[in-house]
Amino acid sequence: MSDGYDRGRMFNTALLACTLADQDDVEQAASTGALAVQMAGQVRSVRTTAYLSDVAMRLRRHEATPAVQQLFKRMTAAGIPLQRVQ
C-alpha cells in the first residue's frame, strides 16, 4: 500500500486479524489486531470501530487466552466496543 493510505491499511490489517481468528491462529490474530488498534489511533470513524469490534467478536471464544485478554484491554483503552457494531 502507498504512503498516506492509513485508513485502508488499518482496514486491511483488521481484516487480516479476522481471517487469522477464523483460522484459529489466535496468537497471530491478537498480534495483528493490536497493530490495527494502534493504527486506529490515527483513523477514527464508525467503520474503523466496526472493523475492530468484528475482530473482538471473532476472538471472543478465545478470551481466556492471555494474548486475547491483552488485546481486549487495548481495545477498551482505545474506546473500541467489544460487541459488534451494527
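Let me begin by describing the structure that accompanies this report. Sequence order as written defines residue numbering, which begins from 1 separately in each chain. Local features in this predicted model are restricted to residues of pLDDT 70 or higher, and side-chain atom pairs are both shown and tallied only at a pLDDT of 80 or more, whereas totals for entire chains, interfaces and linings draw on every residue. Only hydrogens and water are set aside; all other atoms, that is, all heavy atoms of the structure, feed into the side-chain values.

1. Considering the nonpolar core
Point 1. Membership of the largest hydrophobic core comes to 25 residues, with the highest contact counts inside it found for Met10, Leu52, Val55, Leu59, Leu71, Phe72 and Met75.
Point 2. Going through the elements one at a time, helix H1 (6–22), helix H2 (26–40), helix H3 (46–59) and helix H4 (66–77) are the ones with two or more residues in this core.
Point 3. Only DSSP runs of H or I reaching four residues or more are called helices, and only runs of E reaching two or more are called strands; each is numbered from the N terminus. For this core, the element with the most residues is H2, which contributes eight residues.
Point 4. By definition in these notes, contact holds between two residues if any of their heavy atoms fall within 4.5 Å. Look past the residues within four positions of Phe72 in its chain and what remains in contact with it is Ala56, Leu59, Arg60, Glu63 and Leu82. The definition of a nonpolar core used throughout is a set of buried Ala, Val, Leu, Ile, Met, Phe, Trp, Tyr and Cys residues joined through side-chain atoms within 4.5 Å. The buried label goes to any residue with under 20% of its type's maximum accessible area, the exposed label to any with over 50%, and the partly exposed label to all in between, with areas taken from a 1.4 Å probe on protein chains only.

2. Topic: H1
Point 1. Spanning 17 residues, H1 covers 24 Å between terminal C-alpha atoms, matching the ideal 24 Å at 1.5 Å per step.
Point 2. All buried positions along H1 are accounted for by Gly8, Met10, Phe11, Thr13, Ala14, Ala17, Cys18, Leu20 and Ala21.
Point 3. Residues of H1 that are buried sit in contact with H2 and H3.
Point 4. Positive phi appears at Asp24, one or two residues downstream of H1, with a value of about 60°. Each helix should span, by expectation, one fewer than its residue count multiplied by 1.5 Å.

3. What to know about the packing of H2 against H4
Point 1. Axes here refer to lines fitted to C-alpha atoms; in helices the fit is confined to the stretch in contact. Angles between the N-to-C directions go from 0 to 180 degrees. Between H2 and H4, the shortest axis-to-axis distance is 9 Å and the interhelical angle comes to 15°. Accordingly, the angle class assigned to the pair H2 and H4 is roughly parallel. Helix-helix and strand crossings are classified by hand; for H2 and H4 the assignment is left-handed. Counting all contacts with H2, which are made through Val26, Glu27, Ala30, Gly33, Ala34 and Val37, the residues of H4 involved are Ala67, Val68, Leu71, Arg74 and Met75.
Point 2. In this classification, Asp, Glu, Lys and Arg are treated as charged, Ala, Val, Leu, Ile, Met, Phe, Trp, Tyr, Cys and Pro as nonpolar, and every other residue, Gly included, as polar. Tallied by class, the residues present in the contact of H2 with H4 amount to eight nonpolar, one polar and two charged. With respect to orientation, any angle under 35 degrees is reported as roughly parallel, any angle over 145 as roughly antiparallel, any angle of 65 to 115 as roughly perpendicular, and every other angle as oblique. It is the rotation of the near helix from the far one that decides the hand of a crossing: anticlockwise by less than a right angle makes it left-handed, clockwise makes it right-handed.

4. Some points on unusual backbone geometry
Point 1. Phi at Asp24 takes a positive value of approximately 60°, unusual for a residue other than glycine.
Point 2. If you trace the backbone, Asp24 turns up in the loop between H1 and H2.
Point 3. Classification of Asp24 as partly exposed rests on a relative accessible area of 43%.

5. A closer look at the packing of H2 against H3
Point 1. One can describe the packing of H2 onto H3 by two numbers: an axis separation of 11 Å at closest approach and a directional angle of 160°. As far as their axial angle goes, H3 and H2 are roughly antiparallel. As for the relative orientation of H2 and H3, their crossing is left-handed in sense. Contacts between H2 and H3 pair Val26, Ala29, Ala30, Gly33, Ala36, Val37 and Ala40 from the former with Thr48, Leu52, Val55 and Leu59 from the latter.
Point 2. For the contact of H2 with H3, a count of residues per class yields nine nonpolar, two polar and no charged.

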